[in-house]
Every structure is written in C-alpha cells, then in structure tokens.
Amino acid sequence: MGILYWQMNDVWPGASWSGIDSSWRWKPMQYVVKRQFDDFVVQSYETNGRLEVFVVSDMPLPTTALIKVSIYQLSGSVCPSSSNNASSSNNASSSNNASS
C-alpha cells in the first residue's frame, strides 16, 4: 500500500497545490505530509456514531501505545474520554473501536 504524492514543488512563484514553493520553502501542507509519512501514525474516522482508530507502524519492531481519545463539543464541554492499548506488529496496521 502506498501514497501517490503529486506536484511536490513549484517551478515559478504563484498559488498552487504544491507542498514546496519555487524557493524550496515548505508550505503548510508539506508539514502535514511529513507527519503522515512518519514511522508510527494514528488515524481515525467516525461512522454511524462510532470512532474507528487505526495504528500504522512502519517500524522494524512490534510497537505498543496507549491511545486516549477525548471529544470536545463546541460549547466547551468534554464528553467522557476513552483509552485503549494498541499494538502493531512490525510493518503492519491494526484498528480499535471506541464509542463516541
């Protein structure tokens, strides 16, 4: 599995979707892309009131982590938090469900 990264840099100054400008300075998007290519990444999405959390590890050894999820409402109140231990074997991904 992989990612196709299109238009990494600009060849002249101007607005574009590239991650690096024509002077080789990083645009904000490039920092997000760098983080997404880290060796250990936590991703999440919500479907039908359930939060799905994925742990992706490109590390050479098995990895464990404690994942704590807190949901904040726009009013400032905090929903009850949930935490779960996650583990991933080397070069693999795993998922855990948490109620939202």
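In this report, the structure presented in the accompanying data block is examined.

What counts and how
- Residues numbered from 1 in each chain as written.
- Predicted model: local features only at pLDDT ≥ 70, side-chain atom pairs only at ≥ 80, totals over all residues.
- Heavy atoms only, no water.
- Core = buried A, V, L, I, M, F, W, Y, C linked by side-chain atoms within 4.5 Å.
- Buried < 20%, exposed > 50% of the residue type's maximum accessible area, 1.4 Å probe, protein only.
- Helix = DSSP H or I, 4+ residues; strand = E, 2+ residues; numbered from the N terminus.
- Salt bridge = Lys/Arg side-chain N within 4 Å of Asp/Glu carboxyl O.
- Contact = heavy atoms within 4.5 Å.
- Phe/Tyr/Trp six-rings, centres within 6.5 Å; stacked < 30°, edge-to-face > 60°.
- Polar contact = N/O pair within 3.5 Å; in protein donor to acceptor, adjacent residues only side chain to side chain.

1. Quick look at the nonpolar core
Move 1: If you look at the biggest cluster of nonpolar residues, it comprises six residues: Leu-51, Val-53, Val-55, Ile-67, Val-69 and Ala-86.
Move 2: For this core, the secondary-structure elements that each account for two or more residues are strand E2 (50-57) and strand E3 (63-69).
Move 3: A per-element tally of this core places E2 first, with three residues.

2. Focus on the pattern of salt bridges
Move 1: Under the definition given, this model contains two salt bridges.
Move 2: The closest approach of N and O atoms between Lys-27 and Asp-10, which form a salt bridge, is 3.0 Å. With a gap of 17 residues between them, Lys-27 in the segment before helix H1 (28-36) and Asp-10 in the segment before H1 connect regions that are remote in the sequence.
Move 3: Between Arg-25 and Asp-21 there is a salt bridge, with the nearest N and O atoms lying 3.0 Å from each other.
Move 4: What makes Asp-21 buried here is its relative accessible area of 15%.

3. A word on the environment of Gln-7
Move 1: With respect to the helices, strands and loops of the structure, Gln-7 is situated in the segment before H1.
Move 2: Sequence separation of Gln-7 and Ser-18 is 11 residues, and the distance between their C-alpha atoms is 5.2 Å.
Move 3: Discounting chain neighbours no more than four positions away, the residues touching Gln-7 are Ser-16, Trp-17, Ser-18 and Gly-19.

4. Quick look at unusual backbone geometry
Move 1: Backbone geometry places Trp-24, a non-glycine residue, at a positive phi of 65 degrees.
Move 2: Locating Trp-24 in the fold gives a position in the segment before H1.
Move 3: The class of Trp-24 is exposed, set by a relative accessible area of 54%.
Move 4: If you check the backbone angles, Asn-48 has positive phi at about 50 degrees while not being a glycine.
Move 5: Mapped onto the elements of the fold, Asn-48 is located in the loop between strand E1 (40-47) and E2.
Move 6: For Asn-48, a relative accessible area of 76% corresponds to the exposed category.

5. Topic: the environment of Thr-64
Move 1: Residue position: Thr-64 is located in strand E3.
Move 2: Residues Thr-64 and Asn-85 lie 21 residues apart in sequence; the distance between their C-alpha atoms is 7.2 Å.

6. Observations regarding the packing of aromatic side chains
Move 1: Going through the model one piece at a time under the given rule, you end up with two aromatic pairs.
Move 2: Ring plane angle 15 degrees and centroid distance 5.9 Å describe the contact between Tyr-45 and Phe-54, whose orientation is recorded as stacked.
Move 3: On the basis of relative accessibility, which here comes to 43%, the residue Tyr-45 falls in the partly exposed class.
Move 4: We classify Phe-54 as partly exposed; its relative accessible area is 27%.

7. Description of the side chain of Ser-18
Move 1: Tracing the backbone through its elements, the reader meets Ser-18 in the segment before H1.
Move 2: Side chain to side chain, Ser-18 and Ser-16 meet in a polar contact 3.1 Å long.
Move 3: From its side chain, Ser-18 meets the backbone oxygen of Ile-20 in a polar contact 3.1 Å long.
Move 4: Aside from chain neighbours lying at most four places away, what touches Ser-18 is Gln-7, Met-8, Asn-9, Asp-10, Lys-27 and Met-29.

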